[in-house]
Amino acid sequence: MGNRWKTCLMAAALGAMAVGLAACAADDGADESTRAQQDTADAGIHAPAGTMDGDGPAAADGAVAPAGSAPASAPEVAGASGGEHDNLRQTAASLFGVIPEAPTEVSGRTVTPERVELGRMLFFEPRLSRSHVITCNTCHSIGTGGADNVPASIGHGWQRGPRNSPTVFNAVFNAAQFWDGRASDLAEQAAGPVQASVEMNSTPELVVQTLSSIPRYVELFAEAFPESEGITFEDVTIALEAFETTLVTPDAPFDRWVQGDDSAMTANEIEGLQLFFETGCASCHNGVNFGGQSYFPFGVLERPGAEILPVGDKGRFEVTSTATDEYVFRASPLRNVALTAPYFHSGQVWSLEEAVAIMGTAQLGRDINEEEAGKIADFLRTLTGRQPEVVYPILPPSTPDTPRPER
Ligand code: HEC
Ligand code: HEC
């Protein structure tokens, strides 16, 4: 599909236009994009596996007219009329929306309290790693925005992985997981790090053997998965997914503002939001997570230097083996971005203002000056929501049958 990126760019341009239209004539435009936003949000939670996979024109689809017809129940936007910024607020409400309550179902799997509770233990369980040292929380620390704030995560034997760790907060709303979208949902994703040699370096067999040697886990798995016989690796990933669905961050200043609280954002931050639309950021970063829905080349118009875009990591090309997918990555979700420096899959940029300016030249062919970058970055800081408060679990002790840690 040689025209794919042309299509994608057109889609991006159309997206920007749609925004422009919505901003001038809020009614017509808003309806259209409300539907688009709801569909994309919907895709993140209920879409069948593979929605963003394969070599379909994912970007074009995701950017303007996502497939699917059943709109998710969008959160009520209270007080969205009668104010100075009516049009802007309506456009923002329809293109992004407010972080909803934690979903009760993911990819057809019910989130039960038993699974969430077990998933919380597993998220902090060092014995999922071969060394008995590394947990999910090592690289996705709940206390630091669900990420680790280093350029590339450190895993088994102090090895450095190739990419920056994205936040697990609100990940349930992404249409696919990883920088290149190679996992279609959180359960499929969770199977990755446990086995990755540079991360936890374990195997499904070792994990099952380890957990099965601990009587308390045998009980907890039986309660959470009454249909399963004994502990299975798949149930480990489903429990982790269930816990991760609770890691949502509602009530960001942006959300409060969209719902009608004028005092939730400053004039400067509102100008930043306007610039986010006007410069075209919203054509790729949209949906409730401000991204996470579709793929684009990093460097649509100008490829960043190798220090920011290392030549060895070809992004989605490694998933699809399609030439047009070279250096294609998922448009990053931007919720809580103020907490998750350094930026980009290479983790080479520490300042949010600089990341914004790089997006301007790389993705939009536009010089964003310092003042504009400052305002957009200030706006992005309003996407920091209420952080999840998670009680650190007490983990059941090992037994003589528990495999010992290995280096
Ligand atoms: C050694 C560090 C490390 C550990 C341990 C680790 N992760 Fe990750 N995680 C990463 C990195 C790096 C990525 C991005 C990899 C990529 O895109 O190729 C990632 C990606 C993710 C994503 C995708 C988020 C998104 O927006 O795409 C989720 C969800 C996630 N990890 C959950 C987990 C869970 C659950 C565990 C524990 C079973 C875990 N991680 C363990 C480093 C780690
Ligand atoms: C053509 C699509 C496109 C446009 C337009 C675009 N972005 Fe991006 N953005 C991306 C992609 C793809 C990535 C992931 C890049 C990578 O691989 O690291 C990204 C990453 C980012 C990141 C880094 C997030 C993180 O967690 O590391 C920020 C911040 C960002 N974009 C902000 C913006 C802003 C602000 C604008 C407007 C000035 C913008 N983007 C315009 C596609 C786009």
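A short tour of the structure in this document, coming up. Because the structure is predicted, anything quoted here is derived from the model rather than measured.

1. Considerations on the site of ligand 1
- Around ligand 1, the structure places 26 residues, and the nearest of them are Cys 136, Cys 139, Ser 153, Gly 155 and Pro 193.
- Mapped by element, the contributors of at least two residues to the shell around ligand 1 are helix H6 (136–139) and helix H7 (186–195).
- With 5 residues, the top contributor of residues to the shell around ligand 1 is H7.
- Partitioning the shell around ligand 1 into residue classes produces 15 nonpolar, 9 polar and 2 charged.

2. Section: the nonpolar core
- Membership of the largest hydrophobic core comes to 87 residues, with the highest contact counts inside it found for Ala 239, Ala 355, Val 356, Ile 376 and Leu 380.
- Here this core takes 7 residues from helix H14 (residues 352–364), the largest share from any one element.
- Both of domain 1 (4–102 + 249–381) and domain 2 (105–245) provide at least three residues apiece to this core.
- What Val 356 contacts, discounting residues up to four positions off in sequence, is Ile 368, Ala 373, Ile 376 and Ala 377.

3. Topic: the site of ligand 2
- Around ligand 2 sit 28 residues in total, of which Cys 281, Cys 284, Phe 329, Phe 344 and Met 359 are the nearest.
- The leading source of residues in the shell around ligand 2 is H14, at 6 residues.

4. A look at the packing of helix H12 (residues 267–278) against helix H15 (residues 370–381)
- With their axes 7 Å apart at the nearest point, H12 and H15 run at an angle of 105 degrees to one another. Between H12 and H15, the angle is such that the two are roughly perpendicular. Contacts between H12 and H15 pair Asn 268, Glu 269, Glu 271, Gly 272, Leu 273, Leu 275 and Phe 276 from the former with Glu 372, Lys 375, Ile 376, Asp 378 and Phe 379 from the latter.
- Considered class by class, the residues forming the contact of H12 with H15 number 5 nonpolar, 2 polar and 5 charged.

Thresholds applied
Residues numbered from 1 in each chain as written. Chains lettered and ligands numbered in written order. Predicted model: local features only at pLDDT ≥ 70, side-chain atom pairs only at ≥ 80, totals over all residues. Near = placed C-beta within 6 Å. Helix = DSSP H or I, 4+ residues; strand = E, 2+ residues; numbered from the N terminus. Nonpolar A, V, L, I, M, F, W, Y, C, P; charged D, E, K, R; others polar. Core = buried A, V, L, I, M, F, W, Y, C linked by C-beta atoms within 7 Å. Buried ≥ 20, exposed ≤ 12 C-beta atoms within 10 Å, placed from the backbone. Domains from an automatic or database assignment. Contact = placed C-beta atoms within 7 Å. Axes fitted to C-alpha atoms, helices over the stretch in contact; angles between N-to-C directions. Parallel < 35°, antiparallel > 145°, perpendicular 65-115°, else oblique.

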